[in-house]
Amino acid sequence: MIRLLRTYLGFSTRDIQKILELEVDGNLLGAIESSKNTAKYHDQHLNKLARAFTEKSFELGYNITYTVSDFYPPASFKEEMVKKIIIKIEPTELGPTGTLHLLLVENNDLFFDEWHTSKEIAHYCGAQAGKNWEAKDFTAVIDNATKKGTLIRKSEDEALFKRP
């Protein structure tokens, strides 16, 4: 693509070497443009070429803007439906935050439809996760859940929480 565009826009290999700030007596461009060599441009080179090609295009009146993506082949892929796999996460695999979210939001656990203290929430989540959690383990977790709106507090005077 580079060779095609450089010849279309009237650039010689020497011009490209100057744009890329390569040694004039080196043969990097010959190696890159050869189909028998694995040498390639890197993105820094392609960015410089895109700017130079765009500038020359506007000078010639073509008014084409080039970007790095113009130098890469189009990505083709087969569009097909893929079966969605849902992995069930167990509370035993999670900490307090993940367990509360899983039970409250993902599993829509009926426990949270009633008013409960932080201690009750900690013990319930701990029982589901097989862990011995205390209210202090859930202070910040419950505070974040109320800020997000997934839990509501009954009042400033009563530290009771439930699903909104």
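Residue numbering note: each chain is counted from 1, following its sequence as written. For this predicted model, a pLDDT threshold of at least 70 governs which residues receive local features, and a threshold of 80 or more governs which side-chain atom pairs are given and counted, while totals over whole chains, interfaces and linings are taken from all residues. Note that water and hydrogens are dropped before the side-chain values are worked out from all heavy atoms of the structure.

1. Remarks on the overall build of the protein chain
Elements are defined by DSSP. Helices are runs of H or I of four residues or more, strands are runs of E of two residues or more, and each kind is numbered from the N terminus. Of the regular secondary structure elements, the protein chain holds seven helices and two strands. Here, residues are in contact when the closest pair of their heavy atoms is within 4.5 Å. Partitioning the intrachain contacts of the protein chain with sequence separation of at least 6 by distance along the chain shows that 47% fall at a separation of at least 24. Surface exposure here means Shrake-Rupley accessible area, sampled with a 1.4 Å probe, where a residue is shielded only by the protein chains that are shown. Total accessible area on the protein chain is roughly 11500 Å²; 52% of this is exposed by carbon and sulfur atoms. The convention is simple: Lys and Arg are positive, Asp and Glu are negative, and His and the chain ends are not counted. In plain terms, the charge of a residue is placed at NZ if it is Lys, CZ if Arg, CG if Asp and CD if Glu. Across the protein chain, 22 positive and 24 negative side-chain charges occur, with their mean positions spaced 5 Å apart.

2. Quick look at the environment of Val68
Along the chain, Val68 falls in the loop between helix H4 (43–59) and helix H5 (96–106). In this structure Val68 comes out as buried when scored by relative accessible area, which is 17%. With 21 residues separating them along the chain, Val68 and Asn47 place their C-alpha atoms 5.8 Å apart. Exposure categories follow from relative accessible area, calculated using a 1.4 Å probe and restricted to protein chains: below 20% of the type maximum is buried, above 50% is exposed, and the middle band is partly exposed.

3. Topic: the side chain of Ser57
Inspection of the secondary structure assignment puts Ser57 in helix H4. Of the residues examined, Ser57 reaches a relative accessible area of 0% and is grouped as buried. Once you skip the residues sitting within four places of it in the chain, Ser57 turns out to touch Leu9, Tyr62, Asn63, Ile64 and Tyr66.

4. So, H5
Each turn of an α-helix holds 3.6 residues, which means side chains three or four residues apart point in the same direction. Those residues of H5 not exposed but buried are Thr99, Leu100, Leu102, Leu103 and Leu104. Of the surrounding elements, those touching the buried residues of H5 are helix H6 (118–129) and helix H7 (139–148). Within two residues after H5, Asn108 carries a phi angle of roughly 50°, on the positive side.

5. Quick look at H7
Within the span of H7, buried status applies to Val141, Ile142 and Ala145. Along H7, the residues classed as buried sweep out an arc of 95° about the axis, all on the same side. Across H7 from its buried face, at more than 90 degrees, point the exposed residues Thr139, Ala140 and Lys147. Just downstream of H7 lies Gly149, where phi reads positive at about 90°. Here the arc refers to the directions that run from the helix axis out to each C-beta atom.

6. Some details on the domain arrangement of the protein chain
As annotated, the domain borders come from an automatic or database domain assignment. Parsing the protein chain into structural domains produces domain 1 (1–71) and domain 2 (91–162). For domain 1 and domain 2, the distance between their C-alpha centroids amounts to 60 Å.

7. Some words on the nonpolar core
A general feature of soluble globular proteins is that nonpolar side chains tend to end up buried together. Nonpolar core, defined: a set of buried Ala, Val, Leu, Ile, Met, Phe, Trp, Tyr and Cys residues in which side-chain atoms within 4.5 Å join the residues together. If you look at the biggest cluster of nonpolar residues, it comprises 19 residues, and the most contacted ones within it are Ile2, Ile16, Tyr41, Leu49, Phe53 and Phe71. When residues in this core are grouped by element, the largest group, five residues, is from H4. Those residues in contact with Ile2 that sit more than four places away from it in its chain are Tyr41, Leu46, Leu49, Phe53 and Phe71. Within the second largest apolar cluster, 16 residues are counted, among which are Cys125, Trp133, Val141 and Ile142.

8. Some points on a nonpolar patch on the surface
Only residues whose relative accessible area exceeds 30% and that take part in no salt bridge are eligible for patches, with like-charged residues grouped when within 9 Å of each other and nonpolar side chains (Val, Leu, Ile, Met, Phe, Trp, Tyr) grouped when within 5 Å. Basic side-chain nitrogens of Lys or Arg form a salt bridge, by our definition, when they fall within 4 Å of a carboxyl oxygen of Asp or Glu. A cluster of nonpolar side chains, namely Tyr8, Leu60, Tyr62 and Ile64, defines an oily patch on the protein surface of about 360 Å² accessible area. Mapped onto the secondary structure, Tyr62 falls in the loop between H4 and H5. For Tyr62, a relative accessible area of 37% translates into the label partly exposed.

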